[in-house]
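# A look at the structure
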Amino acid sequence: MSGGIDSTITALMLHDQGYEVVGITMKTWDYASAGSSKKETGCCNLDSFNDARMAAVQHGFPHFVLDIREEFGDFVIENFVDEYLAGRTPNPCVLCNTHIKWRALLRRADAMDCEFIATGHYGLIRRHHNDRYTIAKGIDETKDQSYVLWGLQQDLLSRTLLPLGPYRKTEIRQMALDYGYPELAKKSESYEICFVPDNDYRGFLRRRVDGLEVRVAGGNFIDKDGKILGQHKGYPFYTIGQRKGLEVAFGKPVYVTAIRPETNTVVLGDETDLDRQEMLVGRLNWMKYDGVTEGMEATTKIRYKDKGTMSSLYPEGDKVRVRFYERVKSIAPGQSAVFYEGDEIIGGGIIQQ
């Protein structure tokens, strides 16, 4: 229970359905040191902790705060920094969900003899005739969060409930009103990273890595032929597809098309230079099947708001090569690639190149 509308309504729905509910709020980050405790972030702040506890108390079920700052920091934040220093664009929320939050919740559930864990994500869990579990898109396409859950393994899926999957967000807001929480019904949503509350990841990297600016300053912007176009502020401060904030005048729109950390160079080009027809994906997790066959068709999403593109999948050792049927724009190494069959996830992984 983050204190937001989705997890609160999830808990109240399950409580009404007769489940013995225990509310858990996870403390992942020291919000006061990251910014203001008042600022609503992508996860929860101190105000949200109180909102979650209040809902639990009012409806007569227990509530605990679970402090996972240490494991969160070691794994999620170090990975976030390492990925940018490797010239990639990480997705920390995927890592946090699949490696930290679910595992931590399951351990706590086992300690309290709880059979299931439930969250306020918009998605549907299905069990197939092959006895494997998968996640399908939530009914509300505009809120579907299946993309960020591709890393959940079978033992986690088998004990997870996602009660909001069959509902639209408008219905959930109405439920909040019906439960007597008008403020909750109006609560705005945030898509920021919880440990970057001001949405300035560059500032976070500067504060986190001593001497980073000096180390990476003065690298070159180059074009695809290697011609030097100017100097940049350091390769970790740029992402694939970036157009704004380059602070160099070229007389036409240019985009970051590649990042080369080994030489501290950032490649710039036209919008068409962002188009790619294939990519390599690693760190795979399979859901619907225990792998894929040569040339298997899938709709592949390369970012959260991506509608997906038809593709064929080709296993290469512990990775998969993805060949798109049409060119796709701004494939960013470090981001998640998720493979769908209809509305169900086959599996997913991290884009390598």
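Above this note sits the structure.
A few points on the structure.

Basis of the calculations
Residues numbered from 1 in each chain as written. Predicted model: local features only at pLDDT ≥ 70, side-chain atom pairs only at ≥ 80, totals over all residues. Heavy atoms only, no water. Helix = DSSP H or I, 4+ residues; strand = E, 2+ residues; numbered from the N terminus. Buried < 20%, exposed > 50% of the residue type's maximum accessible area, 1.4 Å probe, protein only. Areas by Shrake-Rupley, 256 points an atom, 1.4 Å probe, with all protein chains shown as cover. Lys, Arg positive; Asp, Glu negative; His and termini not counted. Charge placed at Lys NZ, Arg CZ, Asp CG, Glu CD. Core = buried A, V, L, I, M, F, W, Y, C linked by side-chain atoms within 4.5 Å. Pairing = 2+ DSSP bridges. Axes fitted to C-alpha atoms, helices over the stretch in contact; angles between N-to-C directions. 1 Å grid on protein atoms, 1.4 Å probe; cavity = no way out; pocket = protein on both sides within 12 Å on 5 of 7 lines; lining within 4 Å. Points joined across faces, edges and corners; volume = space filled by probe spheres on them. Nonpolar A, V, L, I, M, F, W, Y, C, P; charged D, E, K, R; others polar. Expected span 1.5 Å × (residues − 1). Contact = heavy atoms within 4.5 Å. Polar contact = N/O pair within 3.5 Å; in protein donor to acceptor, adjacent residues only side chain to side chain. Parallel < 35°, antiparallel > 145°, perpendicular 65-115°, else oblique.

Once that is clear, we can look at the overall build of the chain. A count of helical and extended segments in the chain gives 10 helices and 16 strands. Projected onto its principal axes, the C-alpha coordinates of the chain cover approximately 65 × 50 × 35 Å. Within the chain, the fraction of its 353 residues that count as buried is 54%. Looking at the chain as shown, the accessible area adds up to about 16,700 Å², and 48% of this sits on carbon and sulfur atoms. Charge-centre separation for the chain: the mean point of 45 positive side chains lies 4 Å from the mean point of 50 negative side chains.

Another aspect to go through is unusual backbone geometry. The phi torsion at Asp113 lies on the positive side, around 60 degrees, for a residue other than glycine. Looking at the element boundaries, Asp113 is found in the loop between helix 5 (92-111) and strand 3 (117-118). Its relative accessible area of 74% is what places Asp113 among the exposed residues.

In this structure, Phe80, Leu152, Phe195, Phe204 and Leu205 are the most contacted members of the largest nonpolar core, which totals 59 residues. Among the elements that take part in this core, helix 5 stands out by supplying 8 residues, more than any other. With 21 residues, the next largest nonpolar core counts Leu14, Phe61, Leu161 and Ile172 among its residues.

Looking now at the sheet that holds strand 9 (residues 255-260). One open sheet accounts for 4 strands, arranged 8-7-10-9; its pairing is mixed. The outermost strands of the open sheet, each flanked by one partner alone, are strand 8 (228-231) and strand 9. Put simply, the sheet's adjacent strands are angled 30 degrees from each other on average, direction ignored.

Here we come to the layout of surface pockets. Computed from the structure, the second largest pocket encloses a volume of approximately 280 Å³. Around the second largest pocket, the lining comprises 17 residues; the ones closest to its centre are Ile240, Thr257, Ile331, Pro333 and Gln353. Of all the elements in the fold, those that place two or more residues in the lining of the second largest pocket are strand 9 and strand 11 (275-286). Split by residue class, the lining of the second largest pocket holds 8 nonpolar, 5 polar and 4 charged.

Right, let's talk about helix 1 (residues 5-16) for a bit. Here helix 1 contains 12 residues, and its C-alpha end-to-end distance of 16 Å stays within 8% of the 16 Å for a straight helix at 1.5 Å per residue. Taking burial as the measure, the 12 residues of helix 1 include 10 buried ones, the bulk of the element. Considered for burial, the residues of helix 1 that qualify are Ile5, Asp6, Ser7, Thr8, Ile9, Thr10, Ala11, Leu12, Met13 and Leu14. Considering only its buried residues, helix 1 is in contact with helix 3 (46-58), strand 3, strand 6 (160-161), helix 7 (169-178) and helix 8 (182-186).

This part is about the side chain of His232. Note that His232 resides in the loop between strand 8 and strand 9. When its relative accessible area of 5% is taken as the criterion, His232 is described as buried. Separated by 2.8 Å, the side chain of His232 and the backbone nitrogen of Gly234 make a polar contact. If we skip the residues at most four places from it in the chain, His232 touches Val216, Ala217, Gly218, Gly219, Asn220, Phe221, Tyr238, Asn264, Thr265 and Val266.

Further remarks concern the packing of helix 4 (residues 69-85) against helix 9 (residues 201-208). Two numbers describe how helix 4 lies on helix 9: the axes approach to 11 Å, and their chain directions differ by 100 degrees. Put simply, helix 4 runs roughly perpendicular to helix 9. Along the contact surface, helix 4 presents Ile77, Phe80, Val81 and Tyr84, while helix 9 presents Tyr201, Phe204, Leu205 and Arg208. Taken together, the residues of the contact of helix 4 with helix 9 break down into 7 nonpolar, no polar and 1 charged.

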